[in-house]
Every structure is written in structure tokens, then in C-alpha cells.
Amino acid sequence: MQTNIPNRCAAAAGGGVKPLRYTGGVLQMIDQRRLPTEEVWLDYRDYREVAEAIRTMVVRGAPAIGCAAAFGAWFGARDIDTDSTAAFLEQFAAVCELLAASRPTAVNLFWALERMQSFARSHADRPVLQIKIALEYEALAILEEDERINRAMGEHGQKLLPERCRILTHCNAGALATGGYGTALGVIRAAAAAGKQIEVFADETRPFLQGSRLTAWELQRDGIPTTLICDNMAGYLMSQGRVDCVIVGADRIAANGDTANKIGTYSLAVLAKEHGIPFYVAAPISTIDFSLTDGRQIPIEERDPREVTHIGEQRLAPEDIAVYNPAFDVTPARLITAIITENGVAEGDFVHTLPELAEGTKR
Ligand SMILES: CSC[C@H]1O[C@H](OP(=O)(O)O)[C@H](O)[C@@H]1O
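Analysis parameters
Residues numbered from 1 in each chain as written. Predicted model: local features only at pLDDT ≥ 70, side-chain atom pairs only at ≥ 80, totals over all residues. Heavy atoms only, no water. Salt bridge = Lys/Arg side-chain N within 4 Å of Asp/Glu carboxyl O. Buried < 20%, exposed > 50% of the residue type's maximum accessible area, 1.4 Å probe, protein only. Helix = DSSP H or I, 4+ residues; strand = E, 2+ residues; numbered from the N terminus. Arc of directions from axis to C-beta. Contact = heavy atoms within 4.5 Å. pLDDT = per-residue confidence, 0-100. Near = heavy atom within 4 Å. Polar contact = N/O pair within 3.5 Å; in protein donor to acceptor, adjacent residues only side chain to side chain. Nonpolar A, V, L, I, M, F, W, Y, C, P; charged D, E, K, R; others polar. UniProt positions renumbered as here; feature names shortened; annotations may be inferred. Core = buried A, V, L, I, M, F, W, Y, C linked by side-chain atoms within 4.5 Å. Axes fitted to C-alpha atoms, helices over the stretch in contact; angles between N-to-C directions. Parallel < 35°, antiparallel > 145°, perpendicular 65-115°, else oblique. Left-handed = near helix turned anticlockwise from the far one by under 90°. Pairing = 2+ DSSP bridges.

### Description of the pattern of salt bridges
For step 1, the next point in the chain: For the structure on display, the rule yields 21 salt bridges.
For step 2, the next point in the chain: For Asp46, the salt bridge identified is with Arg48, shortest N-O distance 3.0 Å.
For step 3, the next point in the chain: With relative accessibility at 15%, the residue Asp46 sits in the buried group.
For step 4, the next point in the chain: Arg48 sits in the partly exposed class, given a relative accessible area of 46%.
For step 5, the next point in the chain: The shortest N-O distance in the salt bridge between Asp79 and Arg78 comes to 3.6 Å.
For step 6, the next point in the chain: Take Asp79: its relative accessible area is 45%, and that puts it in the partly exposed class.

Take a look at the structure:
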């Protein structure tokens, strides 16, 4: 069922729209493929439908994907029909495996599913019904924690910014990519809320256009001055001295700070280095994959060539042309000035400064 419910109140509060809502056992997600022209909310009650929503990018953005997967796992657990805890845990693992196969790069997906499974295992001494009830609350906790984490991240990040700051951002690392408030856009929101004079340049971010369709939409609703540019304009803008820093999100950060993010991020980092512009990554601790020593180990998703050859139904390229469509690239740590998290800002040798920040955080 589709419902058109304006979400002005959240936007007015400067927190941006919340892309997921859970009410009465139904997960409602805004269909991000149809923004900015249509604000359509879709209802989800089944884990397979949630997996498809992640795969087709109804919901996208590393933390938002993790939040959606947590509710998908809860839906799958709810429908398991057994009183045997061992059988339940085995079937629940299969539910999480299907959800994990939806997209490969954003580690938050796997972090959320592992958190749901380890939560279930830790309650293995309880009756199955009690485990199921507890899993619903764990999914809610993951969603509610996410906005709090992003607001803390925003406060740490905004302290890095001068009173007047012209920020270039890529893709959408906003409220739409999270449980609320955003990561890179959370830093921008926090700086604006602190009274700093913020101006944003948003890369359109081909081929899925998260920048022109989502970031521009979010920041316009917040009343934050934003200028949309094509991806190939970023270098010229920097050469004109019109960018004070770059702030982006992340989908997976290796232990040495190498960062996978939307395709085009690496190019921006090289350009920023050339022009002596600070390059910041904003991401929750849950986006750091300490099991990977460096970025070469991060799986990079390749998506449907049609995303490149078409805009909607409009064909842009000749039929049968070869297409390469990696959804992410990896920015080496040496090009990253600082990594902003909810626990503070990591700089310098990330191999040491990231674990220090992560100390004591449920990962
Ligand atoms: C707050 S992380 C958002 C992150 O996810 C985006 O990828 P996608 O839109 O394909 O899910 C992009 O890499 C953003 O930086």
C-alpha cells in the first residue's frame, strides 16, 4: 500500500526527513527512487520484500540500509514457526543470509544483521516467543540509536569548520541515508544550527543522482543555501578557490582508514589534495570494518548498466554498448584529512586513532 504523508515537521526541526518509520508492526520507507518529484511511502511486513527494497534502492545509504535490514530480520523472525530455540536460530540465520545478499559494500548491513543474530543467540535460554519480542525491540533500538549517533557526530564535525564555510559534498549522506539527521549532512546541519554561515555545493552524483535528487531536496527543505553542480565541475570550482572543505559519507572504512564511498569520491579526494582543501569523511563507528587491513579488501558493488545508459525510460547511449558501473570507489587514507565519528574525530595514523575512538562502542 502506498501512502503520501508529508513529513514537514521533521524537516522543519532541521533534522531532515526520516526515511524509515515503524508503526503497528509495519515498516514504512520513503521510496527514494521517486524523490524529489514524488514523496511516496511504501509499507513492508516481510523480510524478502525488505531485501528487495535494499537491492533496488528504495532505501539506500549505509546506516539506513542497516536499519531497514534490522526490521527485515525482525519480520523474518516473527514468521518462523517453531518452539525449538535451536531450530529458530538456524532459520533466523537463513533469514539474515538472504538480507545480507541484497548489497555487498555497506558494512552497516552486515553489522546490523550480526547484531540481531548475536542478540538472539544471547537469549537462547529464553522461549522462542520471548526472543521474537526482544528482537522487535532490538530493531527499534538500532533505528533510534542511529539519529542520536548522527547528532553526536554532527557536533564533533562542525567544530572543525570555520564561521563561514563553503562545503562540497557528494552523493547523499543525509537523513535519507540514515535513521535521521545524516552523517556528512549531519555535520552541515550541526554547523548551521551553531550559527555558522554555511554554503553547500552538491555534486549531482551520476548515475543514480543521489546528489541532485536527494541532497539538494534535503538541504532546500532545511533552508541551507545549496548549489547543484555536475560531477565534472568540482575540479574547476576548487580551482576558483570556492571550496573550503569536502565532507562525504562512507559505506565501509578499513582499519587503516581507506574508505569506500559513492563512485566519484576518490576523484574528489585527489582534487582536494591538489588544491590543499581538507577532505573529511563522516561515518558512525559501525561503518568501520576492523577485520579489513586496507581498502583493497572492500567488496565493490557493480550495478545494472541501465543506470548508466538510461535516465528513467530515456535511453542515453547506443544499444549493446559496453558499460562499467561500479557503485563505489575507495579513497586511500593518505587523501583523508580526518574521519568524523560519534565518538570524536580521528586524524593522523588511522590505524591507531580509529581503534582509540571505537573503544567501548558496541560494534
Ligand atoms: C551515510 S552513508 C551514505 C552513503 O551511501 C551511499 O551509497 P548508496 O546511495 O549507493 O547507498 C553513498 O555512498 C553515501 O555516501
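### Focus on helix H12 (residues 350-358)
For step 1, the next point in the chain: All buried positions along H12 are accounted for by Phe350, Thr353, Leu354, Leu357 and Ala358. Along H12, the residues classed as buried sweep out an arc of 135° about the axis, all on the same side.
For step 2, the next point in the chain: Where H12 is buried, its residues contact strand S9 (252-254), strand S12 (288-289), strand S16 (338-341) and strand S17 (344-347).

### Section: the confidence of the model for the chain
For step 1, the next point in the chain: In the predicted model, the chain carries a mean pLDDT of 95, and the fraction of residues at 70 or more is 95%.
For step 2, the next point in the chain: Scored below 50 in pLDDT, residues 3-13 makes 25 contacts in the model with residues more than four places away or belonging to other chains.
For step 3, the next point in the chain: Reported for the predicted complex are a pTM of 0.95 and an ipTM of 0.98.

### Thoughts on the site of the ligand
For step 1, the next point in the chain: Residues in close proximity to the ligand total 18 residues, the closest being Gly61, Arg103, Asp251, Asn261 and Lys262.
For step 2, the next point in the chain: Interatomic distance of 2.8 Å between a backbone N/O atom of Gly61 and an oxygen atom of the ligand.
For step 3, the next point in the chain: Partitioned by chemical class, the residues of the shell around the ligand number eight nonpolar, six polar and four charged.

### Let's talk about the UniProt feature "active site" (unreviewed entry) in the chain
For step 1, the next point in the chain: The sites that UniProt annotates as "active site" (unreviewed entry) are Asp251.
For step 2, the next point in the chain: Relative to the helices and strands, Asp251 resides in the loop between strand S8 (245-248) and S9.
For step 3, the next point in the chain: Those residues within four positions of Asp251 in sequence are excluded, and the remaining contacts are Ala62, Thr105, Ala106, Val107, Asn108, Ala260, Asn261, Lys262, Thr287 and Phe328.

### Some remarks on the UniProt feature "binding site: substrate" (unreviewed entry) in the chain
For step 1, the next point in the chain: Within this numbering scheme, the UniProt entry marks Arg60, Gly61, Ala62, Arg103, Gln210, Asn261 and Lys262 as carrying the feature "binding site: substrate" (unreviewed entry).
For step 2, the next point in the chain: Judged by relative accessible area, which is 2%, Gln210 ranks as buried.
For step 3, the next point in the chain: For Gln210, the residues in contact, after removing those within four places along its chain, are Met57, Arg60, Cys171, Asn172, Glu204, Thr205, Thr215 and Lys262.
For step 4, the next point in the chain: Here Asn261 lies in strand S10 (residues 259-262).
For step 5, the next point in the chain: A distance of 3.5 Å separates a polar atom in the side chain of Asn261 from the backbone oxygen of Gly249.

### Quick look at the nonpolar core
For step 1, the next point in the chain: The biggest cluster of nonpolar side chains holds 47 residues, and the ones touching the most others in it are Leu27, Tyr44, Phe92, Met116 and Leu135.
For step 2, the next point in the chain: Mapped onto this core, the elements with two or more residues apiece are strand S2 (20-23), strand S3 (26-30), strand S4 (41-44), helix H2 (47-55), helix H3 (62-78), helix H4 (85-100), helix H5 (107-122) and helix H6 (128-158).
For step 3, the next point in the chain: It is H3 that contributes the most residues to this core, 12 residues altogether.
For step 4, the next point in the chain: If near-sequence neighbours (up to four positions away) are discounted, Phe92 is found in contact with Ala73, Ala77, Ile80, Met116, Gln117, Ala120 and Leu135.
For step 5, the next point in the chain: Residues Met238, Ala346, Leu354 and Leu357 belong to the second largest nonpolar core, which totals 29 residues.

### Description of the packing of H2 against H3
Between two packed helices, the angle of one axis relative to the other and the distance separating the axes together describe the packing.
For step 1, the next point in the chain: Here H2 crosses H3 at 160°, and the two axes come no closer than 8 Å. Comparing their axes, H3 and H2 come out roughly antiparallel. The two elements H2 and H3 meet at a crossing, and its hand is left-handed. Between H2 and H3, the residues in contact are Tyr47, Val50 and Ile54 and Ile65, Ala68, Ala69, Gly72, Phe75 and Gly76, respectively.
For step 2, the next point in the chain: Partitioned by chemical class, the residues of the contact of H2 with H3 number seven nonpolar, two polar and no charged.

### Considerations on the sheet that holds strand S15 (residues 328-331)
For step 1, the next point in the chain: Pairing within the open sheet is mixed, and its four strands lie in the order S12-S9-S10-S15. The sheet is open, and its two borders are formed by S12 and S15, each paired with just one other strand.
For step 2, the next point in the chain: Sheet topology places S10 next to S15; four bridges connect them, and they run antiparallel. The residue of S15 that forms the bridge with Ala260 is Val330.
For step 3, the next point in the chain: Lying over the sheet, helix H10 (residues 265-274) contacts S10 and S15, oriented at roughly 35° with respect to S15.

### Describing the environment of Thr56
For step 1, the next point in the chain: Within the secondary structure, Thr56 is located in the loop between H2 and H3.
For step 2, the next point in the chain: By relative accessible area, Thr56 is classed as buried at 19%.
For step 3, the next point in the chain: Taking the C-alpha atoms as reference points, Thr56 and Arg103, separated by 47 residues in sequence, lie 9.3 Å from one another.
For step 4, the next point in the chain: Other than its neighbours up to four places away in sequence, Thr56 contacts Arg33 and Arg303.

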